[in-house]
Amino acid sequence: MEFRRAELPNGLEVIAECTPGAYSAAFAFFVQTGARDETDEVSGVSHFLEHMVFKGTNRRSAADVNRELDEIGSNSNAYTSEEQTVYHATVLPEYQRRVVDLLSDMMRPALREDDFNTEKKVILEEIAKYDDQPPYGAHDKCMSAFFSPHPLGRSILGTSASIEALAPEQMRRYFEARYSPSNIVLAAAGNVDFDKLVADAAEWCGGWPRHDAPRSTPRAASRAGFHLLRKDSAKQQYTLELGAFPASADKDRFAARLLATIVGDDTGSRLFWDLVDSGEAEYCGMSNYEYQGTGVFSTYLCCPPEAARELWTRMDAVLADVQANGVTDDELQRAKAKLCAQIVLSAERPANRLFSVGNNWIQRRVYRTVRETVDLYRAVTLADLRRLLETYPLTDRTTVTIGPLSKW
Amino acid sequence: MRVIRLAARSSPCFRESPVTIHTHAFANGLTLLAEPMPWLESAALTLLLPAGCSRDPDDRSGLASLACELAQRGSGKRDSRQFIEDLERLGCDASASVAAAHTSFGGAMPAENLGETLDIFADLTRRPHLSDDQFDDARQSCIQEVLALEDELSTRALHRLRSRHYPSPWGKSSLGTVPSLEATALDEVQRFVASQYQPTNAIMSVAGKFDWAWLLDKVGRHWGDWQPVPLAVQATGEPLGGYEHIPHESSQTHIWMAYDSVPYSHPDYYEARAAVGVMSDGMSSRLFTEVRENRGLCYSVSAFCHSLRDRGSIFGYAGTTTERAQETWDVMLAEFQKLSAGVTDAELSRLKAALKSALIMQQESSASRTGSMASDWYHLGRVQTIEELSQIVNGLSVDRINRYLAAHPVRKLSVVTLGAQPLQIATA
C-alpha cells in the first residue's frame, strides 16, 4: 500500500492510496463546495448542480453519461453536504481509464435548460420525500436554529420555493465560481495505476481554467433555544439537539468521536441503556459532525409523544451526569474496540477507503494509513475526554422537537 | 464432509490458492458452510434458525421477533448488559433479524475474535435466559418498532403489499401488532424458543480469515450435541392479491406492486433477475430513464426480485407527489408491460458488466459473502462459488431472457398505494 500525490499546473490535486492486487478501484472528484457556500437566492443550488452533473456535457448527452457508467459496471453515485460535493465510482481495475475519462468530462457539465427544467421536478420530488419522512426536515430546522446566520445553518436541499425560483444562469454562475480545479481533489483508492491516473487527469482536466474559489469561514456563534414544531400526521415525537463540538482540523476530534460513541452509540451506550433498552424510546443516540472551523454533536430521540417530555428530561440527565462525572475507563476501552474494529473492517473495501482518504485530504491535507488512524483513537485518554467536556459542555444545546405534540 | 475445489480466478488478485468452500452436515441437522478468504483481516458469520415469523400463530404475530429480542437479553453466564459489552470488546458488529423463514443472527469482526464470538453465539442460541425480569422491556422494545413503522410510509406500504401478495403465512410482517405483542406471555416465548431455536434445517455460514479444521472443531463442540426437534409442517393459504389504498395525509404517494416470477432455485431465475436488472439496475435502466430522467416524475423508482423457497416475485416501487402519482403508475406499469417484448443486446451487455463487478467485489467483504452462502444453502441446498456465478452471468443470453419474459408477462398484480388519493389501477 502506498500513498501518492501529484498536482497539475492548474491546481487540481490528484491523490491515491494504491493497493496493488485489490479487486477494485474507487475514484472520486471531491469538490469543496456545498450549502455553506450558497446565498439565499440560490439555496439548494449545490445539490441541484450535483444532479445536473449527470445530465451530460458538450461531448455526452445525459443518456450517454448514464449508459457509460453502466457499461463499465460501475457502482457510482454522488452526494452533497454542507461543505462538499462528491462524485464517485467504483470499478474493476481494467476500467480505470474509462471511468476517469467519464468522471472528468462530467465535471464540465453542459447545464442545458431542458435538462435543468426536467431535473428541477426530480429535486422537488426529493424535497417532498424528505418532508414525509422522519424527522420531517427537523434536521435542517435545528441546523438553522443553531447556526444562523452562519452559513452552516443553510439547508442542503433548499426549499420548494428556492428551487422553483432558480434559473439555469444562476446555476452556471455558481458552477463557474466554485468548480475551479484548485478547489477540487481527484482521489482514488484500491488497485490504482497512479502514473496513468495523473497522465489521464492532465489530458482531461489540465485545461480547466483556474481561479480562486474562496470560502467564507466566519466564527460560529451557536445559540441555545427550544423550538416546537407541529406535524399532525406523525405518530411519534422526534427531538433533535445540537451543541458545539470540535472542528474537522481540531486534534480533539478523536476524543469527540469516542465520547459520542460512549454516550450515544446505537447499542451499548449510556443513552441506549437508559432509554432504549427499557423499550421506552424507539431510538435515542448521539453522534458528531465536523466542519471547517467548527463542529457539532447531535442527539436524537424518537418516542411516543406522551413520553417525550419525560424521556427528554432523562436524556438531559444522562448528558448532565457525563458532564459532571465523566465516563469510565472501561467505557472508553470498549468504545475504542468498537470504533477501531469498524474502521479496520470498513477499510477492506476500496469503495469505503476512498472516502476516508479523500475526506482526510480535503479537510486536513493529511494522509493516514488505517493503522495510524486506529493508533490515534487508541491514544485517547480519560484526561482528553475531560478536557473535551470542559471546552464543549454537553449541557449547552439547541432543541427542535417535531411531531403531534402542540405543547411541551 | 464435502469439499469443493475450484480453479483460481483469472482476474488480478492477491490470491493464488484455489477457492475452497467447506460444508459439513452435523447429524442433528445443522449445516456448517465455510469459505476461507485469507486475504482479509475480518471474519463474518451468519446463523439461520428455523424460527421465522411464518411460524407466529395468527393471534401472536410478532412472537418470533419478541423471542429474538429476549434471547439477546442474557444467555449463558452473561446478563443483558454483558452480552452487548462483550461483543463490543470483540469489535463484533452484530445483527439479528427475523424474516418469514428464519431468525438470523450474524456478526462481522476482526478475524482473531471469531472464536470468542462463536462462544457468545452458542450461549445466545442454546442457553438464552428468557427471563421474566427482561420480558416487559423486550416486549416494549418490539412495540416501539411497530410504532416507528407507522411513520415509515414506504416500508409500511411494502409490509402491506407482502401480506397481500404472498399466501399466508409467508407474507406476514415480522413486527407483529401492538395488541398481539401485548397479548403474548413469557411462557409462549419460551415454548417458541424451545421448538424453533434448534438445529433442524439450521444453517451456519462463516467467511473470512480462519482455519477450517479449527472452525469445524469449534462449531462441533458448541452445537454438535444440540438436540433436534421435529419441525411442524406449515400449511400455505391463498394469496389475497388485488389493489389496496392506505389513506394518509402525505406529500407523496408510495406505490408498490408485485407479480409472480420464478423462485431462486428455478432454472430460469437468472433470466428473471436479468430482466429486472434491465428494468432497475443502474442509471441507464428503463425505469430510471423513463420515469425519472425523461419525465422527472419521481426521485425514487426501482424494481427487484424477491424469492421464497417455492415461489418468486418481482416487486416495483415509486414514490411521487399526489398529483403526479397516476401518471407515474401509468408509465411504470407500461414499462413493465413493454418488458414482455424483450431486452436488447446492449442492455444485457451493460447488465453483465454490473453483475460481474458486483460478484468480484463480493470477495472484498466477508459479511456480504456469508449472507449469500447461507441464502444459497436455504434455496438450493448448495453454495454457488463466485466462479460458478460468473459463468452463469457470462452464459446469459437475450434469447433465453426473452423466452422467459414471453412466458411470464405481467399479470395478476398485487398493488398497494399509500398517500392522499387512491389511483385508478386494474390488477387483473
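Criteria and cut-off values
Residues numbered from 1 in each chain as written. Chains lettered and ligands numbered in written order. Predicted model: local features only at pLDDT ≥ 70, side-chain atom pairs only at ≥ 80, totals over all residues. Helix = DSSP H or I, 4+ residues; strand = E, 2+ residues; numbered from the N terminus. Rg over C-alpha atoms; globule rule 2.2 N^0.38 Å. Buried ≥ 20, exposed ≤ 12 C-beta atoms within 10 Å, placed from the backbone. Contact = placed C-beta atoms within 7 Å. Nonpolar A, V, L, I, M, F, W, Y, C, P; charged D, E, K, R; others polar. Pairing = 2+ DSSP bridges. Axes fitted to C-alpha atoms, helices over the stretch in contact; angles between N-to-C directions. Domains from an automatic or database assignment. Core = buried A, V, L, I, M, F, W, Y, C linked by C-beta atoms within 7 Å. Expected span 1.5 Å × (residues − 1).

> Could you give me a rundown of the overall build of chain A, with the residues and numbers involved?
Along the backbone of chain A there are 15 helices and eleven strands. By the compact-globule yardstick of 22 Å for 408 residues, chain A fits well, its C-alpha radius of gyration being 22 Å. With the C-alpha coordinates aligned to their principal axes, the bounding extent of chain A is approximately 60 × 50 × 35 Å. Classification of the 408 residues of chain A by burial places 51% in the buried group. Considering only contacts within chain A whose residues lie at least 6 apart along the sequence, 80% involve residues at least 24 apart.

> Run through the interface of chain A and chain B, naming residues and quoting values.
On the chain B side, the residues contacting the 50 residues of chain A number 53 residues. Broken down by element, the side of chain A that touches chain B gets its largest block of residues, ten residues, from helix α4 (residues 113–132) of chain A. Across the side of chain A that touches chain B, the residue classes break down as 18 nonpolar, 14 polar and 18 charged.

> Now, about unusual backbone geometry: what can you tell me, with residues and values included?
The amide bond that connects S148 of chain A to the next residue, P149 of chain A, takes the cis arrangement and shows omega of 10°. Here P149 of chain A lies in the loop between α5 (138–147) and α6 (160–165). The omega angle of the peptide bond from S168 of chain B to P169 of chain B is 5°, so this bond is cis rather than trans. Topologically, P169 of chain B is positioned in the loop between α5 (153–165) and α6 (178–183). Of note, Y136 of chain A is a non-glycine position whose phi angle comes to about 55°, a positive value. Backbone geometry places R365 of chain A, a non-glycine residue, at a positive phi of 55°. Within the secondary structure, R365 of chain A sits in the loop between α13 (350–364) and α14 (370–378).

> Lay out the sheet that holds strand β1 (residues 2–7) of chain A in plain terms, naming residues and giving numbers.
All names here are of chain A. Strand order in this open sheet of six strands is β1-β2-β6-β3-β5-β4, and the pairing throughout is mixed. Two strands close off the open sheet at either side, each with one partner strand: β1 and β4 (75–80). Strand-to-strand twist in this sheet, taken as the mean axis angle between neighbours without regard to direction, amounts to 15°. Bridge count for strand β3 (residues 25–31) against strand β6 (residues 184–190) is seven bridges, and the pairing is antiparallel. Across the sheet, the residue bridging to F30 is V185, located in β6. The strands that helix α1 (residues 45–52) touches are β4 and β5 (85–91); relative to β4, the one it contacts most, it runs at about 160°. Across the sheet, α13 is in contact with β2 (13–18), β3, β4, β5 and β6; its angle to β6 comes to roughly 145°.

> Can you explain the domain arrangement of chain A? Please cite residues and give values.
Residues and elements named next belong to chain A. Under the domain assignment used here, chain A contains domain 1 (2–205) and domain 2 (225–403). In this structure, domain 1 and domain 2 have C-alpha centres spaced 27 Å apart. Counting residues at the interface gives 33 residues for domain 1 and 25 residues for domain 2. Looking at the side of domain 1 that touches domain 2, the elements with two or more residues in it are β2, β3, β5, α5 and β6.

> Any chance you could break down the sheet that holds strand β10 (residues 294–303) of chain A for me, citing the residues and the numbers?
All names here are of chain A. Pairing is mixed in the open sheet, where five strands are placed in the order β7-β11-β8-β10-β9. What marks the edges here is a single partner per strand, and that holds for β7 (225–230) and β9 (283–291). Direction aside, the axes of adjacent strands within the sheet are offset by 15° on average. Alignment of strand β8 (residues 237–245) against strand β11 (residues 398–403), held across five bridges, turns out to be antiparallel. Considered in β11, the bridge of T239 is made with T401. On the sheet, α5 packs against β7, β8, β10 and β11 and is oriented at approximately 155° with respect to β11. Packed onto the sheet, helix α9 (residues 253–264) meets β8, β9 and β10 and runs at close to 170° relative to β9.

> Could you give an account of the nonpolar core, naming the residues involved and the relevant values?
Judged by nonpolar contacts, the single largest core of 109 residues is most densely connected at L103, A187 and A188 of chain A together with A275 of chain B. Looking at this core, the element that brings in the most residues is helix α9 (residues 269–280) of chain B, giving eight residues. Beyond its immediate sequence surroundings of up to four residues, A187 of chain A is in contact with I15, A16, A28, F30, L354, V357, G358 and W361 of chain A. In terms of nonpolar packing, the next biggest core, distinct from the first, is built from 69 residues, A341 of chain A together with I21, A44 and L175 of chain B among them.

> Account for the pairing of strand β2 (residues 19–25) of chain B, naming residues and giving values.
Residues and elements named next belong to chain B. Direction of pairing for β2 relative to strand β3 (residues 31–36): antiparallel, over a ladder of four bridges. By the bridge assignment, H22 is partnered in β3 with A34. Following β2, the chain reverses through five residues before pairing antiparallel with β3; G29 in that reversal takes a positive phi of roughly 110°.

> Kindly report on the domain arrangement of chain B, identifying the contributing residues and their values.
Residue and element names in this part refer to chain B. In terms of domains, chain B is made up of domain 1 (2–223) and domain 2 (242–419). The C-alpha centroid of domain 2 is placed 27 Å from the C-alpha centroid of domain 1. Taken together, the 36 residues of domain 1 in the interface contact 29 residues of domain 2. When contributions to the side of domain 1 that touches domain 2 are tallied by element, the ones reaching two or more residues are β1 (2–6), β2, β3, β4 (42–49), α5 and β9 (203–208). At nine residues, the largest contribution of residues to the side of domain 1 that touches domain 2 is made by α5.

> Residue-level account of the environment of A207 of chain B, with values.
Residues and elements named next belong to chain B. Structurally, A207 can be placed in strand β9. Look at A207 and you get buried, because 30 C-beta atoms sit within 10 Å. Considered as a pair, A207 and A108 are 99 residues apart in the sequence and their alpha carbons are 9.4 Å apart. The contact partners of A207, leaving out residues within four places of it in the chain, are E35, M37, A44, S366, R369, T370 and M373.

> I'd like a description of helix α4 (residues 132–151) of chain B, backed by residues and values.
Residues and elements named next belong to chain B. With 20 residues, α4 ought to run about 28 Å at 1.5 Å a step, and its terminal C-alpha atoms sit 31 Å apart, in line with that. When we look at burial in α4, the residues that qualify are Q134, A138, R139, S141, C142, I143, Q144, V146 and D151. If you follow the buried residues of α4, they end up packed against α1 (63–71), β5 (74–75), α2 (80–89) and α6.

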